[in-house]
Amino acid sequence: FLAHHPTLPIVYALGSEHLMAVRWNAEAGKFDTLGKAPVGLSGTHVALDPTASWALVASYGEGAISCLPLSAEGLPGPSVSRMGGSDDARLTKAHQVCWHPGGTLAFVPALGADHVAIIQVDPKTGALEWAGSAGVPEGTGPRHMALHPSQPWAFVLGEHSSTITSFTLKEEGKLWSPLGQTSNLPEGFTESGSRSSDIHVSADGRFLFAVNREPANDLTAYAIDEEGGLQEVSRKSTGGVHARTFALDPVGDRLWIGNTRSKNVVTLSVTRTGELEVAPGAWQAPAEVSCVLAR
């Protein structure tokens, strides 16, 4: 997985056991590795806190999370704390890390535990402490989630159920109250096996986007109403097979979908009303696409 530093021209690439900090070298046409550090587990997803002082890594295979310090120059140090593992079912199949804007809480969708774990992170030491969880209906399989940029709402995407479970966050993110659940599948869809994979909210908070892998292979735009409810606006093919990830343009008028098994990236435009259209910019990748990053 990939993540970018909020202020420095650094991208973090998560390998099987290390977190690397890299920077694009335009003259040489390649990325230069600035530094790397052992994660302490087999990583699946990485996210930086708002101050870029800490990187949290989630491990799907090990059911655990690990915290790494970042220097002022953006270089990672070895993991300083860890939570979960084979003897702790609370983080079974941890698939993502999502930081609360306050920077001392992190949310971890645990696909195998059917809840989102709430983790307290000490801003001075990186120590991790369990702070509770927000449950979803059994069989949902929470994979990824997104926070609204200005309202206390969280949207959790279920891989197994292909649903979006909405919550209101209270007590600065420590208490989650369910708002409802929305199917992410097309109306009348009867084929089995479809799995939702990634979810994002636009920077202006007006729209939510969620993607399905095969057999649906589609991405849907939802309008977010004043109470946090979702209304489908547009649905478009991913233009490939097994869309594991997509990224939104910060401006909000484009998005890029990474199709893993068809090894291609497709560009969609987003109108002011949330309508999705195929746009120029598709390309074939040299290998399977596991992450798309936009800045």
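For the structure itself, look to the data block above.
Bear in mind that the values here come from a model prediction, so they are computed numbers and not experimental data.

A.B. asks: Explain unusual backbone geometry here, please?
C.D. replies: Phi is mostly negative for residues that are not glycine, and the peptide bonds are mostly trans. With an omega of 10 degrees, the peptide bond running from Glu214 to Pro215 counts as cis. Positionally, Pro215 belongs in the loop between strand S18 (207–212) and strand S19 (218–224). For Asn217, which is not glycine, the phi dihedral falls at a positive 45 degrees. Positionally, Asn217 belongs in the loop between S18 and S19.

A.B. asks: Would you mind going over the sheet that holds strand S3 (residues 18–25) with me for this structure?
C.D. replies: In sheet architecture, strand pairing relies on hydrogen bonds along the backbone and comes in two forms, parallel and antiparallel. Read across the open sheet, the 4 strands follow the order S1-S2-S3-S4; overall the sheet is antiparallel. Each edge of the sheet is formed by a strand with only one pairing partner; in this case those strands are strand S1 (2–4) and strand S4 (30–38). This sheet shows a mean twist of 25 degrees between the axes of neighbouring strands, independent of strand direction. In the sheet, S1 pairs with strand S2 (residues 11–14) via 3 bridges, with the strands oriented antiparallel. For Leu2, the partnering residue across the bridge sits in S2 and is Ala13.

A.B. asks: Looking at this structure, how should I read the packing of aromatic side chains?
C.D. replies: Each aromatic ring pair is specified by the distance between its two centres and by the angle formed by the two planes. A complete count under the given rule lists 4 aromatic pairs for this structure. The interplanar angle of 80 degrees and the centroid separation of 5.0 Å between the aromatic rings of Phe107 and Trp176 together place this pair among those described as edge-to-face. Of this pair, Phe107 sits in strand S10 (residues 105–110) while Trp176 sits in strand S16 (residues 175–183), placing them 69 residues apart in sequence. Take Phe107 and Trp176: they sit in the same class, and that class is buried. Between Phe167 and Trp176, the aromatic rings sit 5.1 Å apart at their centres with planes inclined by 65 degrees, giving edge-to-face as the arrangement. We note that Phe167, like Trp176, is buried. Linked through ring pairs, Phe107, Phe167 and Trp176 together constitute an aromatic cluster. The aromatic ring of Trp130 is capped on one face by Arg90, whose charged end is 4.4 Å from the ring centroid.

A.B. asks: It is not clear to me how the pairing of S2 should be interpreted in this structure. Could you clarify?
C.D. replies: For a regular strand, the rule is simple: side chains alternate between the two faces of the sheet. A two-sided burial pattern is seen for S2, the buried positions comprising Val11 and Ala13 on one face and Tyr12 and Leu14 on the other. Adjacent in sequence and paired antiparallel, S1 and S2 are bridged by 6 residues. As paired elements, S2 and S3 share 4 bridges and run antiparallel to each other. Paired with Tyr12 across the two strands is Ala21, which belongs to S3.

A.B. asks: Explain the environment of Glu171 to me, please; I cannot follow it from the model alone.
C.D. replies: Summarising the element assignment, Glu171 is placed in the loop between strand S15 (163–170) and S16. Distance from Glu171 to Pro152, taken between C-alpha atoms, is 10.0 Å for residues 19 residues apart in sequence.

A.B. asks: Help me understand the pattern of salt bridges, please; the structure alone is not making it clear to me.
C.D. replies: Two side chains bearing opposite charge may form a pair once their charged atoms approach each other closely. One pass over the structure, following the stated rule, counts 11 salt bridges. Note that Arg82 and Glu62 form a salt bridge whose closest N and O atoms lie 2.8 Å from each other. Placement of Arg82 in strand S8 (residues 81–84) and of Glu62 in the loop between strand S6 (54–59) and strand S7 (64–69) is noted, with a sequence separation of 20 residues between them. A residue is classified by how much of its surface remains accessible, and Arg82, at 42% relative accessible area, is partly exposed. The partner of Glu232 in a salt bridge is Arg235, and the shortest N-O contact between them spans 3.1 Å.

A.B. asks: Explanation requested: the sheet that holds S7 in the structure shown.
C.D. replies: Taken in spatial order, the 4 strands make up an open sheet running S5-S6-S7-S8, and their pairing is antiparallel. Here the strands that pair on one side only, and so sit at the sheet edges, are strand S5 (45–48) and S8. Averaged over all pairs of adjacent strands, the angle between strand axes in this sheet comes to 20 degrees, irrespective of strand direction. Across 6 bridges, the pairing between S6 and S7 is antiparallel.

Criteria and cut-off values
Residues numbered from 1 in each chain as written. Predicted model: local features only at pLDDT ≥ 70, side-chain atom pairs only at ≥ 80, totals over all residues. Heavy atoms only, no water. Helix = DSSP H or I, 4+ residues; strand = E, 2+ residues; numbered from the N terminus. Pairing = 2+ DSSP bridges. Axes fitted to C-alpha atoms, helices over the stretch in contact; angles between N-to-C directions. Phe/Tyr/Trp six-rings, centres within 6.5 Å; stacked < 30°, edge-to-face > 60°. Buried < 20%, exposed > 50% of the residue type's maximum accessible area, 1.4 Å probe, protein only. Lys NZ or Arg CZ within 6 Å of the ring centre and 35° of its normal. Salt bridge = Lys/Arg side-chain N within 4 Å of Asp/Glu carboxyl O.

Read these as geometric descriptors, not functional statements.
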